[in-house]
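# Report on the structure
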Amino acid sequence: MLEKYKQAVTVCSRCGMCIVGENGYICPVQQHSGGFDPSVARGRNQIARAILEGRLKYSDELMESTFTCLGCDNCHEQCGRVDPRTGEKLIDEGKITRALRVDLVKAGYGPPEPLKAVDANMEKVHNPFGEPEGRRSAWAAGLNLPVRGDTVYFAGCYAAYRNPKIARATVAVLQKGGVNVAYLGENEWCCGVPELWDGNAPLSEEVIQHNVEALKAAGAKRVVTSCAGCFHALKSDYPEIIGKLPFEVVHSSEVIADLIASGKITLDTEVATTFTYHDPCHLGRYEKVYEPPRAILKSIKGAKFVEMPRNKNNAWCCGGGSVVAVAFPDLARDIADDRVQEAKGTEAEAIVSACPLCENGLTQSARKAKMEVYDLSVVVANAMGMHV
Amino acid sequence: MVTMAIRHHHLHDPLAAIVGSKYVADEDFVLETYSRDISAFPGSMPGIIVRPGTTEEVSEIVKLANRTGYPIVLKGGGQAGGGVTKGEPTRNIVIDMGRLDKVEVDIANLKATCGAGARNSRIDDALRPYGYYANTVIGPYFTATIGGVTSGIAGAGFGKNVSSVGCNWGHILGLKVVLPTGDIITTGAGPDSNIYRKDIEFREVTGPDLTSLFIGSGGALGIITEVAIKIYPIPKYSKAASYVFDTMENIWAAQLKMAESPTVLYTNLIMFEMANHMVRAMAGDMHGYGALFMAVEGDSEADVDLRLKEIEKICTGFGATRGTPALDHYAATGATGTGAFVHDVCAMSCPFMTWESMSTRSQSLEYAKGMLDILNNQFKEENAKYRTSGGLYTVPIANTMLIGITIHWDDTVPGVEEHNRKLWKAGADFMLKNGTFSAYAQGNHSSSISSAWSPTYYKVMSGIKKTLDPNNILNPGLWNL
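Residues numbered from 1 in each chain as written. Chains lettered and ligands numbered in written order. Predicted model: local features only at pLDDT ≥ 70, side-chain atom pairs only at ≥ 80, totals over all residues.

### Let's talk about the overall build of chain B
Using the following cut-off: Numbered from the N terminus, helices here are DSSP runs of H or I no shorter than four residues, and strands are runs of E no shorter than two. Using C-beta atoms placed from the backbone, we call a residue buried if 20 or more other C-beta atoms fall within 10 Å of its own, exposed if 12 or fewer do, and partly exposed for counts in between. Placing a C-beta atom from the backbone of each residue, one calls two residues in contact when those atoms lie within 7 Å.
Secondary structure summary: chain B contains 17 helices and 19 strands in total. Expressed along its principal axes, the backbone C-alpha trace of chain B runs to roughly 70 × 55 × 55 Å. Residues counted as buried form 57% of the 481 residues belonging to chain B. The contacts in chain B between residues at least 6 apart in sequence include a share of 70% that link residues at least 24 apart.

### A short note on the overall build of chain A
The condition is simple: For a compact globule the rule gives 2.2 Å times the number of residues to the power 0.38, and the radius of gyration it is set against comes from C-alpha atoms.
Assigned secondary structure in chain A consists of 18 helices and 10 strands. The C-alpha radius of gyration computed for chain A amounts to 20 Å, which stays within 12% of the reference 21 Å derived for 388 residues, consistent with globular compactness. With respect to the three principal axes, the spread of C-alpha positions in chain A is 60 × 45 × 45 Å. Burial statistics for chain A: of 388 residues in total, 56% are counted as buried. In chain A, once contacts between residues fewer than 6 apart in sequence are set aside, the share between residues at least 24 apart is 77%.

### A look at the nonpolar core
Put simply, the rule reads: Definition of nonpolar core: a set of buried Ala, Val, Leu, Ile, Met, Phe, Trp, Tyr and Cys residues joined via C-beta atoms within 7 Å.
By size, the foremost hydrophobic cluster in this structure holds 266 residues, and its most contacted members are V50, I93, L292 and M294 of chain B. Ranked by residue count, the leading element in this core is helix α9 (residues 164-176) of chain A, at 7 residues. Beyond its immediate chain neighbours, meaning those up to four positions away, V50 of chain B contacts L15, V19, Y23, V24, I61, I93 and I95 of chain B.

### Some details on the sheet that holds strand β5 (residues 103-106) of chain B
Residue and element names in this part refer to chain B. Rules: Strands are labelled as partners when DSSP assigns at least two bridges between them. Structural elements are reduced to axes, namely lines fitted to C-alpha atoms, with helices fitted over the stretch in contact, and the angle between N-to-C directions of any two is expressed from 0 to 180 degrees.
Taking strand neighbours across the sheet as the criterion, the 5 strands line up as β5-β6-β10-β8-β9 in an open arrangement whose pairing is antiparallel. Every other strand in the sheet has two partners, leaving β5 and β9 (184-186) as the edge strands with one partner each. Across the sheet, the mean angle from the axis of one strand to that of its neighbour is 15°, orientation sign disregarded. Where strand β6 (residues 111-115) meets strand β10 (residues 223-230), 5 bridges bridge the pair, whose relative direction is antiparallel. Counterpart to G115 in the pairing with β10 is E226. Against the sheet, helix α4 (residues 120-127) touches β5 and β6, its axis set at about 35° to β5.

### Let's talk about the domain arrangement of chain A
Residues and elements named next belong to chain A. Heads up, the condition is: Domain limits in this description derive from either an automatic procedure or a database domain assignment. Lys, Arg, Asp and Glu make up the charged group, whereas Ala, Val, Leu, Ile, Met, Phe, Trp, Tyr, Cys and Pro make up the nonpolar group; the residues left over, Gly among them, are polar.
With domains assigned, chain A is organised as domain 1 (2-106), domain 2 (134-257) and domain 3 (265-383). On a C-alpha basis, the centroid separation for the pair domain 1 and domain 2 is 30 Å. Partitioning the side of domain 1 that touches domain 2 into residue classes produces 3 nonpolar, 1 polar and 2 charged.

### As for the interface of chain B and chain A
The interface is formed by 39 residues belonging to chain B together with 34 residues belonging to chain A. Counting residues per element, the ones that place at least two in the side of chain B that touches chain A are α2 (28-33), α4, α9 (277-283) and α12 (340-349) of chain B. The residue makeup of the side of chain B that touches chain A, split by class, is 17 nonpolar, 9 polar and 13 charged.

### Description of the packing of helix α13 (residues 364-378) of chain B against helix α15 (residues 416-434) of chain B
All names here are of chain B. So the rule is basically this: We call two directions roughly parallel when the angle between them is under 35 degrees, roughly antiparallel when it is over 145, roughly perpendicular when it lies between 65 and 115, and oblique otherwise. Crossing chirality is assigned from the near helix's rotation relative to the far helix, an anticlockwise turn below a right angle marking it left-handed and a clockwise turn marking it right-handed.
The contact between α13 and α15 brings their axes to 10 Å, and the two run at 165°. When the interaxial angle is binned, α13 and α15 end up roughly antiparallel. In the packing of α13 onto α15, the handedness of the crossing is right-handed. Packed against α13, whose contacting residues are Y367, G370, M371, I374 and Q378, the element α15 presents A426, G427, F430 and N434 at the interface. When its residues are assigned to classes, the contact of α13 with α15 shows 5 nonpolar, 4 polar and no charged.

### Re α9 of chain A
Applied cut-off: Multiply 1.5 Å by the residue count of a helix minus one, and that product is the helix's expected span.
Between the first and last C-alpha of α9 of chain A there are 18 Å, a value that for 13 residues agrees with the 18 Å anticipated at 1.5 Å per step. Among all positions in α9 of chain A, only I166, A167, R168, A169, T170, V171, A172, V173 and L174 of chain A are buried.

### Details of the sheet that holds strand β17 (residues 389-397) of chain B
Strands in a sheet are paired, the pairing made by backbone hydrogen bonds, and the direction either parallel or antiparallel. All names here are of chain B. Taken in spatial order, the 8 strands of this open sheet run β15-β12-β14-β13-β17-β18-β16-β19, and their pairing is antiparallel. Across the chains shown, the open sheet's two edge strands, defined by having one partner strand only, are β15 (321-322) and β19 (436-437). Sheet analysis places strand β12 (residues 237-245) next to β15, joined by 2 bridges and oriented antiparallel. Within β15, the residue paired with Y243 across the bridge is R322.

### Points about helix α10 (residues 301-317) of chain B
All names here are of chain B. Stated precisely, the cut-off is as follows: In this description, one arc is meant: the one made by directions from the helix axis to the C-beta atoms.
The end-to-end C-alpha distance of α10, which contains 17 residues, comes to 24 Å, matching closely the 24 Å that a straight helix rising 1.5 Å per residue would cover. All of the buried residues in α10 are R307, I311, I314 and C315. Burial along α10 is one-sided: seen end-on, the buried residues are contained in an arc of 95°. Turned more than 90 degrees away from the buried face of α10 sit E301, A302, K309, K313 and G317, all of them exposed. Structurally, α10 contributes buried residues whose contacts are with β12, α8 (248-260) and β14 (290-298).

Written out as structure tokens, the structure reads:
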């Protein structure tokens, strides 16, 4: 699979813009590991090139190093290597890393042990946690959601199994705004992000095929998700892997911002809190959705909004991306600590994110720092006077 | 898959005892990433990499190297284009200086003390809130480290105000250096040159200027771990301009005329041929021979405007027209400001090799034509075959003219690197004979420069090297020493 990116790794000029940028150091993993060049894009590209040219062999150590990448895309964001004719970036480091992981696994190296358990769970019950399939729709109990409709809410595994409040809040807000929401129930499988990143290409394709068929069968014209990882996978990875989709994919923050702008909902229950917003990598850098979550937070009555120094395209990752939280939990926690400390350095009392995975990772660090972390949909529901 | 116990380099554990095992690496895939710079020069595979966090750790590593006989090679930001220092391939201990990145600002004494691994942009980041800046490098602004620039570039590199204030060596107060024996010395009236001083104070009152010995040495004589630099208030007013010229002769005449002006007209003045990769990257294909980019700074807007008016008079007098907004933007962010744009352009231009040298002002035009003849005529057909191109740039610095040609290529063309090395050698030979080769104090550049040293000069340098580095531990072979 790496062969597909031969041109990209060859044109990497080893300049090092993936190390330091306008907002300081770029790679969270480099800052929390030994800091050697394989942590950053220029190093990984050299490694990939050496493999493709037959000068370097796979090893367990290389596998482990490759799997520490968060896929946060900050190196890709900063990379100055563009096609001068089109202005398009020539080196997509996330895709190169994923391809390297696929080839490593094919060659018998990896994935790291915790991810093998994730794969086994995925094959068996179609979620990374190993939770019973029958529990997937428990979050929707009592909501009487239809299983067919134009707008289908894709909850994702974190909201379905770990923080059902997010799913319930999202649906409640959308319904209040007049959106008729359907869901897939137990027919929803994991979006495939873990497999896309853990080198298990065949399983990721199987999952993607299933979800697309399920969404088609549900009559979806628009798929709404409150998970940044699911959003990027559905919106960009799915069509790249299996072709054009017969439905639109949007993030719940985009829909909610539109509902506010059109006056269909108002956030008029006072929330006297100072919020800051953590940009999820898969919503921000990958899909360029920066403004809707901010517009929402700024429209809450009584609330104040402040930015962290590293925001939008320069945001620091929560530490949980590309299954690093599963494979290397200590590394993920250290990076989450960074982000929480950055938030603590502002006058914010609470961090809001628009991704259940980010919320989960940041919450543990925030407890130590005596800060609160909320998902955007829950904050919105509260600001509408709803308690989910 | 059979998992085998990892067999480490036998210096792994002793080095780990100094810096912690997290900061030592000897795996093949890590070594690969430290084997090359951005040039087409051949790489040199390290034996082991270590990332120390303090000067004392660097000292202990050097002492270990002396005890065991393993050579040391240094790595800063890694965007140099002179070829990595060869040392002894597969045996070198490569010291990555990146963790020594602290910047301490001392506004009262107008200085910043920077760890050698501090990136230039990070130094400005630390100074900006106080309203100050330092002379570092114009590009690569984010990647290059102050230690790498001070040690590995002639004259310690040049910053965004080089045309008015000269190369960086003149803005350095002193250095903390680990000598090849592991001893630590502080220059610049620091504690080693004046027993009553606790810190680096005044470079010019120390007797013989030991600081200069280490600047541009490439690390052959010592490892710079800290650089104390002067800082300056950010000027109140700054404007930029660009002018496009039709002929090489006109652009030359204009820049020499401006450089001769008894009133300092600009803080920086850079000339690029339109053929230069950097110009194409920022502005696309343009008509004309080349453009002058300038930054003008002052304490009042009227003062700045007066200088710009004089510049306009000179440039239009030689037939120039005002540059496009894109070119002005380059002047604003590249010739002054943060240097960020130059960094972008540098990244776009990589990989590259450079012919960079100094010429006297009066001979500079003929000298530049001689260099261009090699690029455009002598190697015309081969350059076309390998998709190699180049472009001229100049910067007036003090009494001289810095003249450079960056060579760019398509790395995917088979055989291109060998061709580029041949091309580069032809230019290097020309520069050695006709000007003063002035670029990277590293790898192939240093070998080429020192090949032109006189026997007496070589004897002196060799004596200094032997005195300081009796075991030839630091960067062996650098400068052919």
